[in-house]
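# Observations on the three-dimensional arrangement
Chain residues, written in single-letter form:
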There are 2 protein chains.
Amino acid sequence: MAAAASRGLLVDVHTHVYLPRYVSFLRSRNSVPRIFTRGTPDGSTEERLLILDAEPSGGRPMGPQYYERDLKLKFMEKHGIDISIVRLVLIASNPWLDFLPASAAHQLANELNDDLETYCSTSANVSRSPLKQLYGFGLLPLVPQVTTTSLLETVRQISALPHLKGIIMGSRGLGKGLDDDALEPVWAALEKAGLAVFLHPHYGVDGKEWGDKDNGHVLPLALGFPFETTIAITRLVLSGVLDRYPNLRILLAHSGGALPQLSSRLASCIDHDPIVASRLQHDARYYLGKLYFDAVAYGSEELGFVSDQKRLGSKRMFFGTDHPFFPPLKETDKWKSVVENLEAIDGVYGWTEEDKAGVRGGNALALFGLHNP
Amino acid sequence: MAAAASRGLLVDVHTHVYLPRYVSFLRSRNSVPRIFTRGTPDGSTEERLLILDAEPSGGRPMGPQYYERDLKLKFMEKHGIDISIVRLVLIASNPWLDFLPASAAHQLANELNDDLETYCSTSANVSRSPLKQLYGFGLLPLVPQVTTTSLLETVRQISALPHLKGIIMGSRGLGKGLDDDALEPVWAALEKAGLAVFLHPHYGVDGKEWGDKDNGHVLPLALGFPFETTIAITRLVLSGVLDRYPNLRILLAHSGGALPQLSSRLASCIDHDPIVASRLQHDARYYLGKLYFDAVAYGSEELGFVSDQKRLGSKRMFFGTDHPFFPPLKETDKWKSVVENLEAIDGVYGWTEEDKAGVRGGNALALFGLHNP
């Protein structure tokens, strides 16, 4: 207890919620993404979340951990008591809306942003000690054919909601990826509003890469997700967005995927392609130092490496849990995924105690303009 | 000169040759892979190598650097004089044969292996000082429908050719990837013969990931190639091949792609999937420590990170150039790609002079059973 308490503030910047409105909506659907009920071998039933048509194992089990705030708070408390003091959590509202027509996406995004504000702002009503705080990443209606007006209106909505501290974004933009010129006004508005962008994968890469063997979700999760993030941010860099919006703050899921390890190779490939090189103001590795990285990499070497790259240091790195994904195999266990990520931060060679405390909590306060409770 | 000479032996483990027989064959083809001639803006003509149908920029320029041994030797000498003493080079014969029927692939593989032996063994006839030595990676007819007999016969052929020190392998195996059960006798034969496997990408990942913007070859080369290698070796690990053939020696191109940075995430994903976990004898990171990595990553941080992972150290890492790819923009220049990779080795924090000398040359002598000329 004492050792845990001495760790101080712990802020989870990477945690998900499926808001009840979105869960109801997915339950009503007959095509992906959807939630369906199926029988289990023991004669009961279970809900499954299916994101992609070709998803292995019929999707994944979907339980109240996904949508019940009380379970989120209990999860926080569980790891606060035994591992550290969890007080703040940033909720990444995870629905992608890109399967919807533009007007429906706009309406649902706006409703979900309001729901998320309520979800976060009323959490203090739940009596707990120490007090937990919830903040969220809002949602833009990033779908084909949406109007710029609609997107900018939603940016304004999110800016006005006090518990929303940024937006979550996938890799597809309006259907053509994040290097789409049509997103230009969105980057400008996000930079101006000071809203951070949490770039999070969803689709992975083409499922045929995983072959015929049954490896469950291991390949799409372990490799596909980080590859998707890496491709998205690289295309964004190559399009010059980070040159044109130097104050845009982009937080990359899973410690930036493969970008840090491939950044010198990327720089070399750009160097050998004069047309691409001439479009950029800096060496590719410069942009790495402009980005932010969660510390969800499960290993000290990986975290230390990210902070070593371009000497970006620990200040741009942030603890996260990925809750409610990667639950323990037995319900009573502490979450190994959380324990591993905390141990990884503890074990980084070269990080001072101050560095580690920053990654656990202080850096997130600074990035999102929060106050220490 | 003195500084360069003091560097000692420099062994290039990652360099390509398109043998003349293969070049002629590609020139005769009308579908990919093929070599074709086209006009240039200045009214002359050039040859282009087209590997994939959807390749950007109409493929890449194909010149005598790809096939003329004398140019390979001159390239070695150029960087030997000014940067280090290049004496040994391992040639990765780069043709994939998977577009051919099994019998044609078998015959061509055998002819090309004999050609490569001749290419390497007769290089001493070219008068140069210091003497260059050439060794090669042979080629198996890895195509759908090939018989095991044919594959094992070619393994025996390669084993009997004194200048072939291993085989080069892509990611597709017999069409179903490297986790195909049909490859089991091949792994057994390669382990028994003590032939190292150089795992090298060729196809990248699905081109639709790169979007509509013209980024030349940057995305498929900088990201697609390392992703392909990462997927291939991960599928191999998950299939248990490294458990069943613990003495199989696999050298990964481009410093293992993204595998080192994603290995703890991979371990975590496996931990959370009991069926996959139960198939493996070790934590995923254990297998990282059983592999070999070229040092073709263009940055010191990346190299240091690979050697830090699982404390695998520098002994499993090897200098390479990727010649004739990434040529300098001006023909008279030294090759920036080579200079960068040498500087990267020099700059690794924590490597002793002995470590660095090993990566430049000594480690390769040990892995391939060569003698210092």
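Going by an unreviewed UniProt entry, chain A carries the name Amidohydrolase 2 and comes from Daedalea quercina L-15889. Of the comments in the UniProt record for chain A, the one headed Sequence similarities (unreviewed entry) reads "Belongs to the metallo-dependent hydrolases superfamily."

## A look at the interface of chain A and chain B
Facing the 67 residues of chain A at the interface are 67 residues of chain B. Summed over both sides, the interface of chain A with chain B buries roughly 5600 Å², with 58% coming from carbon and sulfur. For the pair chain A and chain B, the interface holds six salt bridges. For the pair chain A and chain B, the number of links is 27 residue pairs in polar contact (both at pLDDT 80 or more). Mapped by element, the contributors of at least two residues to the side of chain A that touches chain B are α7 (218-238), α9 (259-271), α10 (274-279), α12 (300-308) and α13 (336-346) of chain A. When residues in the side of chain A that touches chain B are grouped by element, the largest group, 13 residues, is from α7 of chain A.

## Concerning the sheet that holds strand β3 (residues 45-50) of chain B
Sheets are built from strands that pair by backbone hydrogen bonding, the pairs being arranged parallel or antiparallel. Residues and elements named next belong to chain B. Taken together, the three strands give an open sheet; going across it, the order is β2-β3-β4, and neighbouring strands pair in antiparallel fashion. Two strands lie at the open edges of the sheet, namely β2 (34-39) and β4 (60-61), each paired on one side alone. Judged from the two bridges that link them, β3 and β4 form a sheet pairing that is antiparallel. From the neighbouring strand, Leu49 faces β4, where its bridge partner is Arg60. Set on the sheet, helix α2 (residues 20-27) makes contact with β2 and β3; between it and β2 the angle comes to about 65°.

## Some details on helix α6 (residues 184-193) of chain B
What α6 of chain B keeps buried is the set Glu184, Val186, Trp187, Ala189 and Leu190 of chain B. Buried-residue contacts for α6 of chain B involve α5 (148-160), β7 (164-169), β8 (196-199), α7 (218-238) and α8 (241-244) of chain B.

## Some words on the relation of the copies chain A and chain B
Once chain A is rotated about the relating axis by 180° and shifted along it by 0.0 Å, it coincides with chain B to within an RMSD of 0.0 Å. Taken together, the rotation and translation relating the two chain copies correspond to the operation of a two-fold axis. For chain A, the residue whose C-alpha comes nearest the rotation axis is Ala258 of chain A, separated from it by 2.7 Å. Mapped onto chain B, 100% of the interface residues of chain A again fall at the interface, so both copies present the same surface.

## Things to note about the sheet that holds strand β3 (residues 45-50) of chain A
All names here are of chain A. Taken in spatial order, the three strands make up an open sheet running β2-β3-β4, and their pairing is antiparallel. Taken across any chain shown, the strands that pair with only one partner, and hence form the sheet edges, are β2 (34-39) and β4 (60-61). Its contacts with the sheet place helix α2 (residues 20-27) against β2 and β3, and it is angled at close to 65° to β2.

## A look at the pairing of β2 of chain A
Residues and elements named next belong to chain A. Direction of pairing for β2 relative to β3: antiparallel, over a ladder of six bridges. From the neighbouring strand, Thr37 faces β3, where its bridge partner is Glu47. Between the end of β2 and the start of β3, which pair antiparallel, lie five residues, with Gly43 showing a positive phi angle near 90°.

## Observations regarding the packing of α12 of chain A against helix α9 (residues 259-271) of chain B
The description of two helices packed together rests on the angle between their axes and the distance between the axes. Packing of α12 of chain A against α9 of chain B leaves a shortest axis separation of 9 Å and a crossing angle of 140°. Overall, the two elements α12 of chain A and α9 of chain B adopt an arrangement that is oblique. Here the hand of the crossing between α12 of chain A and α9 of chain B comes out left-handed. Every residue of α9 of chain B that contacts α12 of chain A at Glu302, Phe305 and Val306 of chain A is listed here: Pro260, Gln261, Ser263 and Ser264 of chain B. For the contact of α12 of chain A with α9 of chain B, a count of residues per class yields three nonpolar, three polar and one charged.

## Quick word on a negative patch on the surface
Together, Glu301 and Asp308 of chain A together with Glu301 and Asp308 of chain B line one region of the surface with negative charge. For the negative patch, the secondary structure elements donating two or more residues are α12 of chain A together with α12 (300-308) of chain B. Within the secondary structure layout, Glu301 of chain A lies in helix α12. Residue classification places Glu301 of chain A among the partly exposed positions, given a relative accessible area of 32%.

## Some remarks on the environment of Pro61 of chain A
All names here are of chain A. Mapped onto the secondary structure, Pro61 falls in strand β4. Sequence separation between Pro61 and Ile35 is 26 residues, and the spatial gap between their C-alpha atoms is 9.4 Å. The residues touching Pro61, leaving out its near neighbours within four places in the chain, are Glu46, Glu47, Arg48 and Tyr66.

## Examining the confidence of the model for chain A
Residue and element names in this part refer to chain A. Taken as a whole, chain A shows an average pLDDT of 90; of its residues, 93% reach a score of 70 or greater. Below pLDDT 50 for its whole length, residues 1-5 participates in seven contacts with residues either more than four positions away or in separate chains. This model gives residues 81-85 a pLDDT under 50, and the stretch forms 21 contacts once residues within four places in sequence are excluded.

## A word on the packing of aromatic side chains
Here the structure, examined in full by the defined rule, presents 22 aromatic pairs over all chains. Ring centres of Tyr66 of chain A and Phe325 of chain A lie 5.5 Å apart, and the angle between their planes is 85°; on these two criteria the pair is classed as edge-to-face. Placement of the pair is Tyr66 of chain A in the loop between β4 and α3 (69-82) and Phe325 of chain A in the loop between β11 (317-318) and α13, with a sequence separation of 259 residues. The buried category is assigned to Phe325 of chain A, whose relative accessible area is 10%. Judged by centre distance (5.2 Å) and plane angle (40°), the ring pair of Phe137 of chain B and Phe198 of chain B falls under tilted. Pair noted here: Phe137 of chain B is in strand β6 (residues 133-139) and Phe198 of chain B is in strand β8, with a separation of 61 residues, a long-range link. Comparing Phe137 of chain B with Phe198 of chain B, the two get one shared label, buried. Through a chain of ring-to-ring contacts, the aromatic side chains of Tyr18, Tyr22, Tyr66 and Phe325 of chain A assemble into a single cluster. One residue, Arg69 of chain A, lies across the ring of Tyr119 of chain A, its end atom 5.8 Å from the ring centre.

How each quantity is defined
- Residue indices follow the written sequence of each chain, beginning from 1 at its first position.
- Think of it this way: whatever chain is written first is A, whatever ligand is written first is 1, and the rest follow in order.
- Residue-level local features of this predicted model are given only where pLDDT is at least 70; pairs of side-chain atoms are given and counted only at 80 or more, and the full residue set underlies all totals for whole chains, interfaces and linings.
- Side-chain measures were taken over the full set of non-hydrogen atoms in the model, leaving aside hydrogen atoms and water.
- UniProt positions are given in the numbering used here, feature names are shortened, and annotations may be inferred rather than shown by experiment.
- Note on contacts: a residue pair is in contact if any heavy atoms of the two residues lie within 4.5 Å.
- For any pair of parts, buried area is found by adding up, for both, the accessible area (1.4 Å probe) each one loses once the two are put together.
- For salt bridges, the criterion is a side-chain nitrogen of Lys or Arg within 4 Å of an Asp or Glu carboxyl oxygen.
- Residues adjacent in sequence count toward polar contacts only when both atoms are side-chain atoms; beyond that, a polar contact is any pair of N or O atoms within 3.5 Å, and within protein one must be able to donate a hydrogen and the other to accept it.
- Every helix listed is a DSSP run of H or I at least four residues long, and every strand listed is a run of E at least two residues long, numbered separately from the N terminus.
- Between any two strands, at least two bridges found by DSSP are needed for them to pair.
- Each axis is a line fitted through C-alpha atoms, and for a helix only the stretch in contact is used; angles between axes span 0 to 180 degrees, taken between their N-to-C directions.
- When a residue's accessible area, from a 1.4 Å probe over protein chains only, is under 20% of the maximum for its type it is buried; when over 50% it is exposed; and in between it is partly exposed.
- Only residues with pLDDT of at least 70 in both copies count here: their C-alpha atoms drive the least-squares fit that superposes the copies.
- If an angle is under 35 degrees, it is roughly parallel; if it is over 145, roughly antiparallel; if it lies from 65 to 115, roughly perpendicular; otherwise it is oblique.
- Helix crossings get a hand from a simple test, with the near helix turned counterclockwise from the far one by less than a right angle marking a left-handed crossing and a clockwise turn marking a right-handed one.
- Here the term charged refers only to Asp, Glu, Lys and Arg, the term nonpolar to Ala, Val, Leu, Ile, Met, Phe, Trp, Tyr, Cys and Pro, and the term polar to all other amino acids, Gly among them.
- Nonpolar side chains (Val, Leu, Ile, Met, Phe, Trp, Tyr) within 5 Å and like charges within 9 Å form the patches, drawn only from residues with over 30% relative accessible area and no salt bridge.
- The protein chains shown are the only cover counted for residues, whose accessible areas, like all others here, come from Shrake-Rupley with a 1.4 Å probe.
- We count Lys and Arg on the positive side and Asp and Glu on the negative side, and we leave His and both chain ends out.
- For this purpose, a charge sits on NZ of Lys, CZ of Arg, CG of Asp or CD of Glu.
- The pLDDT value tells you how sure the predictor is about a given residue, anywhere from 0 up to 100.
- Centre distance within 6.5 Å is the pairing criterion for rings of Phe, Tyr and Trp, where only the six-membered ring of Trp is used; planes under 30 degrees apart are then read as stacked, over 60 as edge-to-face, and the remainder as tilted.
- Note on criteria: charge over ring means Lys NZ or Arg CZ within 6 Å of the ring centre, with the direction from the centre no more than 35 degrees off the ring normal.

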